[in-house]
Amino acid sequence: MFLGLYGFFGISSADNVIRPWLISRGADLPLLLTLLGALGGVFAFGFLGLFLGPVLLAVGYSLLNDWAKDEAKPGGTAG
């Protein structure tokens, strides 16, 4: 019973915080965005979402960031 509670509260919560923190350090993304991606991915896609969520959010964040930088340039493609 102790091992079950330890696994549920200790290991599971550490996995939900440490994994996004390490992903955000490697991908140069905000920690909160990575954490939300991991949790949202798990809710949406199950176990596979733990990996898909942060990846999809990282791609979307990078595209949005590049688009915003391009629009901010003086010769940007403002329509």
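Throughout this description, residue numbers start from 1 for each chain and increase along the sequence as written. Only residues with pLDDT of at least 70 are given local features in this predicted model, and only at 80 or more are side-chain atom pairs given and counted; all residues enter the totals for whole chains, interfaces and linings. Side-chain metrics in this entry use all non-hydrogen atoms of the structure; hydrogen atoms and water are not considered.

Trainee: Please explain the packing of aromatic side chains as it appears in this structure.
Mentor: Any two of the Phe, Tyr and Trp rings considered here, Trp counted by its six-membered ring, make a pair once their centres fall within 6.5 Å; the pair's planes then place it as stacked at under 30 degrees, edge-to-face at over 60, or tilted in between. Applying the stated criterion across every chain yields a total of one aromatic pair. Here the aromatic rings of Phe 47 and Phe 51 are separated by 5.8 Å at their centres, their planes lie at 85°, and the arrangement is edge-to-face. Under the relative-accessibility criterion, Phe 47 is labelled exposed at 65%. Here the term buried applies to any residue with accessible area under 20% of the maximum for its type, exposed to any over 50%, and partly exposed to those in between, with areas from a 1.4 Å probe on protein chains only.

Trainee: Teacher, can you tell me more about the packing of helix H2 (residues 31–45) against helix H3 (residues 49–72) here?
Mentor: When two helices pack together, their arrangement is given by the angle between the helix axes and the distance between those axes. Inter-axis angles, ranging from 0 to 180 degrees, are taken between N-to-C directions of lines fitted to C-alpha atoms, where helices are fitted over the stretch in contact. Elements are defined by DSSP. Helices are runs of H or I of four residues or more, strands are runs of E of two residues or more, and each kind is numbered from the N terminus. Remark: H2 packs on H3, axes separated minimally by 7 Å, with the N-to-C direction vectors making an angle of 130°. Relative to H3, the element H2 is oriented oblique. Read as a crossing pair, H2 and H3 show a hand that is right-handed. Between H2 and H3, the residues in contact are Leu 33, Thr 34, Leu 36, Gly 37, Ala 38, Gly 41, Val 42 and Phe 45 and Gly 49, Leu 50, Leu 52, Gly 53, Pro 54, Leu 56, Leu 57 and Tyr 61, respectively. Residue polarity is assigned by list, with Asp, Glu, Lys and Arg as charged and Ala, Val, Leu, Ile, Met, Phe, Trp, Tyr, Cys and Pro as nonpolar; anything else, Gly included, falls into the polar class. Taken together, the residues that form the contact of H2 with H3 break down as 11 nonpolar, five polar and no charged. Roughly parallel covers angles under 35 degrees, roughly antiparallel covers those over 145, roughly perpendicular covers 65 to 115, and oblique covers all other angles. Definitions for this section: a left-handed crossing has its near helix turned counterclockwise from the far helix by less than a right angle. A right-handed crossing has that turn clockwise. The contact criterion used throughout is that any non-hydrogen atoms of two residues lie within 4.5 Å.

Trainee: Before we go on, may I ask you to explain the environment of Ser 62 in this structure?
Mentor: Relative to the assigned elements, Ser 62 resides in helix H3. A relative accessible area of 35% places Ser 62 in the partly exposed class. Expressed as a C-alpha distance, the spacing of Ser 62 and Leu 29, which sit 33 residues apart in the sequence, is 8.7 Å.

Trainee: Any chance you could explain the confidence of the model for the chain here in plain terms?
Mentor: Interpretation of the predicted coordinates at a detailed level should be avoided for regions scoring low in pLDDT. pLDDT measures the predictor's confidence residue by residue and takes values from 0 up to 100. Put simply, the chain has an average pLDDT of 77, and 81% of its residues get 70 or more. Per-element averaging of pLDDT across the chain places helix H1 (residues 2–27) at the bottom with 71 and H2 at the top with 83.

Trainee: Honestly, H2 in this entry has me stumped. Any pointers?
Mentor: In an α-helix, one turn spans 3.6 residues, which is why side chains three or four residues apart end up on the same side. Working rule for helices: expected span equals 1.5 Å times residues minus one. Here H2 contains 15 residues, and its C-alpha end-to-end distance of 21 Å stays within 8% of the 21 Å for a straight helix at 1.5 Å per residue. Of the positions making up H2, those classed as buried are Thr 34, Gly 37, Ala 38 and Gly 41. The buried residues of H2 occupy an angular sector of 95° when the element is viewed end-on, so they sit on one face. Among the exposed residues of H2, those oriented more than 90 degrees off its buried face are Leu 32, Phe 43 and Ala 44. Immediately beyond the C-terminal end of H2, within one or two residues, lies Gly 46, with a positive phi of roughly 80°. Working note: the arc is built from the helix axis to C-beta atom directions.

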